[in-house]
Amino acid sequence: MFEGPKALTITLSGGIQVDVPIQQVEMDELLKVSDFISLHVPFLDKPAIGAAEFPLLKDGVGLVNASRGGVIDELELVKALDSGKVAFAGLDVFDNEPTPREEILKHPKISLTPHIGAATNEAQERIGEELAGLLIENLKK
């Protein structure tokens, strides 16, 4: 059983701290009440949002996948967009990278980006620092 709301303190650029309220809920509840869903999860054995999950979504939901192709069932997504169940989708990843299905590529309610969601200056700096640290650590051995 999940506990009640919690607050998480996040430190932003410039040392600005923001308290963000967080409440854990079951996945089905999350799907039913969310106006906007953004996925940032590893690939699973099956889509996180597939044929069983699309009917649970709140009508008119916005859906973004910035994690891995296959996390959203693309054929079910097209059906949900065509029916109006999903209002719009943003995909930074898709099943057949680097070439999305034609119905995904041409759908008027889908925006695609070329799998660059993590290509921010901050992310690239962190990756460089991590790689330098690993190199230093391994050269000391």
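In this report, the structure presented in the accompanying data block is examined. As the structure is a prediction and not an experimental result, all values here were calculated from the model.

1. Some remarks on helix H2 (residues 74-83)
Right, so step 1: Among all positions in H2, only Glu74, Glu76, Leu77, Val78, Ala80 and Leu81 are buried.
Right, so step 2: Between a side-chain oxygen at the N-terminus of H2 and the backbone nitrogen of leucine 75 the separation is 3.1 Å; the capping residue is aspartate 73.
Right, so step 3: Where H2 terminates, the next one or two residues include glycine 84, which has phi positive at roughly 90 degrees.

2. Here we look at a nonpolar patch on the surface
Right, so step 1: A contiguous nonpolar patch, built from Leu8, Ile10, Leu12, Ile16, Val18 and Ile22 and spanning about 470 Å² of accessible area, is present on the exposed surface.
Right, so step 2: When contributions to the nonpolar patch are tallied by element, the ones reaching two or more residues are strand S1 (6-11) and strand S2 (17-22).
Right, so step 3: Mapped onto the secondary structure, valine 18 falls in strand S2.
Right, so step 4: For valine 18, a relative accessible area of 31% puts it in the partly exposed group.

3. Overview of the pattern of salt bridges
Right, so step 1: In the structure shown here, the tally under the stated rule is six salt bridges.
Right, so step 2: With a closest N to O distance of 3.3 Å, lysine 79 and glutamate 76 form a salt bridge. Remark: glutamate 76 and lysine 79 occur in helix H2; sequence separation between them is three residues, near one turn of the helix.
Right, so step 3: Glutamate 102 is paired through a salt bridge with lysine 106; the nearest N and O atoms lie 2.8 Å apart.
Right, so step 4: When its relative accessible area of 59% is taken as the criterion, lysine 106 is described as exposed.

4. Structural notes on the sheet that holds strand S6 (residues 110-112)
Across a sheet, paired strands are connected by hydrogen bonds in the backbone, their directions being either parallel or antiparallel.
Right, so step 1: Pairing is parallel in the open sheet, where four strands are placed in the order S3-S4-S5-S6. In this open sheet, the two edge strands, each paired with only one partner strand, are strand S3 (36-39) and S6. The mean angle between the axes of side-by-side strands here comes to 10 degrees, regardless of whether they run parallel or antiparallel.

5. Structural notes on the nonpolar core
Right, so step 1: Counting residues in hydrophobic clusters, the biggest one holds 20 residues, and the most contacted among them are Ile49, Phe54, Leu77 and Val86.
Right, so step 2: Every element with two or more residues in this core is listed here: S3, strand S4 (61-65), H2 and strand S5 (86-91).
Right, so step 3: Apart from the residues lying within four places of it in its own chain, the contact partners of leucine 77 are Phe54, Leu63, Ile72, Val86, Ala89, Leu91 and Ile110.

Quick notes on the rules
- Residues numbered from 1 in each chain as written.
- Predicted model: local features only at pLDDT ≥ 70, side-chain atom pairs only at ≥ 80, totals over all residues.
- Heavy atoms only, no water.
- Buried < 20%, exposed > 50% of the residue type's maximum accessible area, 1.4 Å probe, protein only.
- Helix = DSSP H or I, 4+ residues; strand = E, 2+ residues; numbered from the N terminus.
- Polar contact = N/O pair within 3.5 Å; in protein donor to acceptor, adjacent residues only side chain to side chain.
- Patch = residues over 30% accessible without salt bridge, like charges linked within 9 Å, V, L, I, M, F, W, Y side chains within 5 Å.
- Areas by Shrake-Rupley, 256 points an atom, 1.4 Å probe, with all protein chains shown as cover.
- Salt bridge = Lys/Arg side-chain N within 4 Å of Asp/Glu carboxyl O.
- Pairing = 2+ DSSP bridges.
- Axes fitted to C-alpha atoms, helices over the stretch in contact; angles between N-to-C directions.
- Core = buried A, V, L, I, M, F, W, Y, C linked by side-chain atoms within 4.5 Å.
- Contact = heavy atoms within 4.5 Å.

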